[in-house]
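Secondary and tertiary structure notes
Each chain, letter by letter, is given below.
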Amino acid sequence: MDVFKMMSSHDHEQVVFCNEPDIGLKALIAIHDTTLGPSLGGCRFYPYKTDEEGLNDVLRLSRGMTYKASIAGLNLGGGKSVIIGNPETDKNEYLFRAFGRFVDGLGGRYIAAEDVNTSVRDMEWVRMETQYVTGISRALGGSGDPSVVTAFGVFLGIKAALKTKRGTEDLNGIKVAIQGVGHVGYNLCRYLYDAGAEIFVSDINQEAVDRAVAEFGAKAIDGNKIHALDVDVFAPCAMGAVLNDKTIPEIKAPIVGGAANNQLAASEEHGAALLEQGILYAPDYAINSGGLINVANELEGYNRERAFKQAEGIYDTLMEIFRMSADEGIPTNVASDRLAENRIRSVAKLKTFYTCTPRLVFKRG
Ligand code: NAD
């Protein structure tokens, strides 16, 4: 594998290989872009079959974080880490503390957080060795579970999409199909229910479905059909790649907006397919940025109210994305990427400008 070539293909700044054989730690930290600020992104624990697979994943995910932080208006760059191992058997205090020491060695260029197969407890072990970690429990001054803020952002994103498509953001009687009623999906149900929406849900976990039916009067739907339901909004809140060659032609909802990451199986092709079909797609990393906003808030001393206030910006961001998409006839995911890239470019220019401007020296007397 040609590591430098892989890094250069998407302009990654740095990759750190963390190796501590006595403890069993094999980890990669990727820093994609720190133009806006220190890189922040989750630490994933996964049994990658090869080191190359792990490297590919960490490069792809860290780049995604650059875009998410930028579109969310945060002064943060994109980073991510992966620990290669079996999350069922290989997790322990020493491994996470060893990882924490590597994070600390970067002096703040990378800030870790939870991700797939890592928990608040794991991050608290990382915290024993470095201050550069977020996603700590509320009891220890952290931000705790981000899913409520994520759900709030998705709720606002759906409102922005309704405003764009129907001229009103009123949710009364609006039919929303939610795929996956876990942490975010459940909280999204609550916001939608309170706003008078009619809710349809599917989940591979029957208990999660039963809870949504009992608490929000949701209608349970066969998991394979949820995307094809004749509703106003389809909200993917489970796994990625749900918008693909098979599902897109079957979608009847004029709006797709949900929390799941990487919803487009192939971003160029499927973003364009949604536009062609007249479906207004709320780009995943823009509509689900509430979680990142919440975690980023921890860096300034966590304040729940401020996190929700900042997440309110998701509505305006999506309106801007939808406007740009309509004005320029481009898919919404392309519009979102351009806005994120523009912000990075403008901030980079501003930083260069101010560093190069000669300062006036006033001499007295
Ligand atoms: P979660 O694990 O709590 O919930 C996911 C739910 O989806 C589970 O109930 C699971 O049983 C269900 N599910 C899995 N496969 C399914 C399928 N094929 N059909 C229907 N349901 C299925 O996760 P979460 O924290 O609610 O996150 C949901 C999605 O949003 C994920 O893609 C996550 O990466 C993304 N996301 C979450 C946050 C956050 O704050 N938690 C932030 C940004 C993005």
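Remember, it's a predicted structure, so these values are computed and weren't measured experimentally.

Another point: the overall build of the chain. What the chain contains, in helices and strands, is 13 helices and 11 strands. By the compact-globule yardstick of 21 Å for 365 residues, the chain fits well, its C-alpha radius of gyration being 21 Å. Counting only residues that meet the buried cut, the chain has 53% of its 365 residues in that class. In the chain, the share of contacts with a sequence separation of at least 24, taken over all contacts with a separation of at least 6, comes to 65%. Charge separation in the chain, taken as the distance between the mean sites of 38 positive and 47 negative side-chain charges, equals 6 Å.

Within helix α11 (residues 304-311), burial applies to A307, F308 and A311. The arc enclosing the buried residues of α11, seen along the axis, measures out at 95 degrees, which places them on a common side. Those residues of α11 that are exposed and aimed more than 90 degrees away from the buried face are E305 and K309. The secondary structure elements touched by the buried residues of α11 are α5 (147-166), α6 (183-194), α10 (290-297) and α12 (313-328). Residue N303 occupies the N-cap position of α11, its side-chain oxygen lying 3.0 Å from the main-chain nitrogen of E305.

A separate point is the packing of α6 against helix α7 (residues 206-216). At a closest axis distance of 11 Å, the pairing of α6 and α7 adopts a crossing angle of 15 degrees. Relative to α7, the element α6 is oriented roughly parallel. In the packing of α6 onto α7, the handedness of the crossing is right-handed. In this structure, α6 uses Y186, C189, R190 and Y193 to contact α7, whose residues at the interface are R211, A212, E215 and F216.

In terms of domains, the chain is made up of domain 1 (3-140) and domain 2 (147-336). On a C-alpha basis, the centres of domain 1 and domain 2 stand 27 Å from each other. Together, the buried faces of domain 1 and domain 2 total about 1,300 Å²; carbon and sulfur atoms form 71% of this surface. Summed over the shared surface of domain 1 and domain 2, the number is 0 salt bridges. Among the elements that make up the side of domain 1 that touches domain 2, the one with the highest residue count is helix α2 (residues 51-71) (6 residues).

Looking at the ligand, there are 19 residues lining it, with T150, H183, V184, D203 and A238 nearest. For the ligand, an oxygen atom lies 2.8 Å from a polar atom in the backbone of V184. In the complex, the protein chains occlude 72% of the 830 Å² of accessible area that the ligand would expose alone. When residues of the shell around the ligand are traced back to their parent elements, those giving at least two are α5 and α6. Among the residues making up the shell around the ligand, the classes are represented as 8 nonpolar, 10 polar and 1 charged.

Attention now goes to the layout of surface pockets. In this model, the second largest pocket occupies a volume close to 230 Å³. Taken together, H10, D11, H32, D33, R63, T66, Y67, E341, I344 and R345 make up the lining of the second largest pocket. When residues of the lining of the second largest pocket are traced back to their parent elements, those giving at least two are β2 (25-33), α2 and α13 (332-356). Considered class by class, the residues forming the lining of the second largest pocket number 2 nonpolar, 3 polar and 5 charged.

In this structure, I178, L188, L192, V201 and L318 are the most contacted members of the largest nonpolar core, which totals 66 residues. The element contributing the most residues to this core is α5, with 11 residues. The two domains that each donate at least three residues to this core are domain 1 (3-140) and domain 2 (147-336). If we ignore the near neighbours within four places in the chain, the residues touching L192 are F155, L171, V176, I178, A197 and I199. Within the second largest apolar cluster, 22 residues are counted, among which are C43, I83, A112 and V126.

Read from one edge of the open sheet, 5 strands run β1-β2-β4-β3-β5, paired in mixed fashion. Each edge of the sheet is formed by a strand with only one pairing partner; in this case those strands are β1 (14-20) and β5 (110-113). The average undirected angle you get between the axes of adjacent strands in this sheet is 25 degrees. Of the strands in this sheet, β1, β2, β3 (39-46) and β4 (77-84) are in contact with α2, which crosses β4 at around 155 degrees. Those strands touched by helix α3 (residues 93-105) are β1, β2, β3, β4 and β5, and its axis lies near 35 degrees from that of β2.

What follows deals with the side chain of S39. Positionally, S39 belongs in strand β3. A polar atom in the side chain of S39 sits 2.6 Å from the backbone oxygen of R109. Filtering out sequence-adjacent residues up to four positions away, S39 remains in contact with I31, T34, G77, G78, G79, R109, Y110 and I111.

Moving on, we come to α10. Residue pairs three or four apart in sequence face the same way in an α-helix, which turns once every 3.6 residues. α10 sits mainly inside the fold: 8 of its 8 residues count as buried. Buried within α10 are the following residues: G290, G291, L292, I293, N294, V295, A296 and N297. Contact partners of the buried residues in α10: β3, α2, α5, α11 and α12.

Parameters at a glance
Per chain, residue numbering runs from 1 following the sequence as it is written. Under the rules for a predicted model, residues below a pLDDT of 70 receive no local features and side-chain atom pairs below 80 are neither given nor counted, while totals for whole chains, interfaces and linings still include all residues. Only hydrogens and water are set aside when side-chain values are computed; all heavy atoms of the structure are taken into account. The numbering of helices and of strands both runs from the N terminus, where a helix is a DSSP run of H or I of at least 4 residues and a strand a run of E of at least 2. In this treatment the radius of gyration is a C-alpha quantity, and the globule benchmark scales as 2.2 Å times the residue count to the 0.38 power. Between buried and exposed lies partly exposed: a residue is buried under 20% and exposed over 50% of the maximum accessible area for its type, with that area taken using a 1.4 Å probe on protein chains only. Pairs of residues are marked as contacts when any of their non-hydrogen atoms sit within 4.5 Å. Only four residue types enter the charge count, namely Lys and Arg as positive and Asp and Glu as negative; His and the chain termini do not. Charged groups are reduced to one reference atom each: NZ for lysine, CZ for arginine, CG for aspartic acid, CD for glutamic acid. This arc is taken over the directions from the axis of the helix to the C-beta atoms. Pairs of N or O atoms are called polar contacts if they sit within 3.5 Å, as long as, within protein, a hydrogen donor faces a hydrogen acceptor (for residues adjacent in sequence, only side-chain-to-side-chain pairs). With axes taken as lines fitted to C-alpha atoms, and helix axes fitted only over the stretch in contact, angles between N-to-C directions fall between 0 and 180 degrees. Here the angle decides the label: under 35 degrees means roughly parallel, over 145 means roughly antiparallel, 65 to 115 means roughly perpendicular, and every other value means oblique. Crossing handedness is read from the near helix: turned anticlockwise from the far helix by less than a right angle, it gives a left-handed crossing, and turned clockwise, a right-handed one. Here the limits of each domain have been adopted from an automatic or database domain assignment. As used here, buried area is the combined drop in accessible area, with a 1.4 Å probe, of two parts when they are placed together. Any Lys or Arg side-chain nitrogen found within 4 Å of a carboxyl oxygen on Asp or Glu counts as a salt bridge. Near residues are defined by distance, with any heavy atom within 4 Å of the molecule or strand qualifying the residue. Here the accessible surface of atoms and residues is derived via Shrake-Rupley with a 1.4 Å probe, and residues count as covered only by protein chains that are part of the display. Only Asp, Glu, Lys and Arg are considered charged, only Ala, Val, Leu, Ile, Met, Phe, Trp, Tyr, Cys and Pro nonpolar, and every remaining residue, Gly among them, polar. Only protein atoms enter the 1 Å grid, on which a cavity is a set of points fitting a 1.4 Å probe that cannot get out and a pocket is an open set with protein on both sides within 12 Å along at least 5 of 7 lines, lining residues being those with an atom within 4 Å of a point. Grid points are joined across faces, edges and corners, and a volume is the space filled by probe spheres set on the points. Only buried Ala, Val, Leu, Ile, Met, Phe, Trp, Tyr and Cys residues count toward a nonpolar core, and they belong to the same one when joined by side-chain atoms within 4.5 Å. Pairing between two strands is assigned when DSSP locates at least 2 bridges connecting them.

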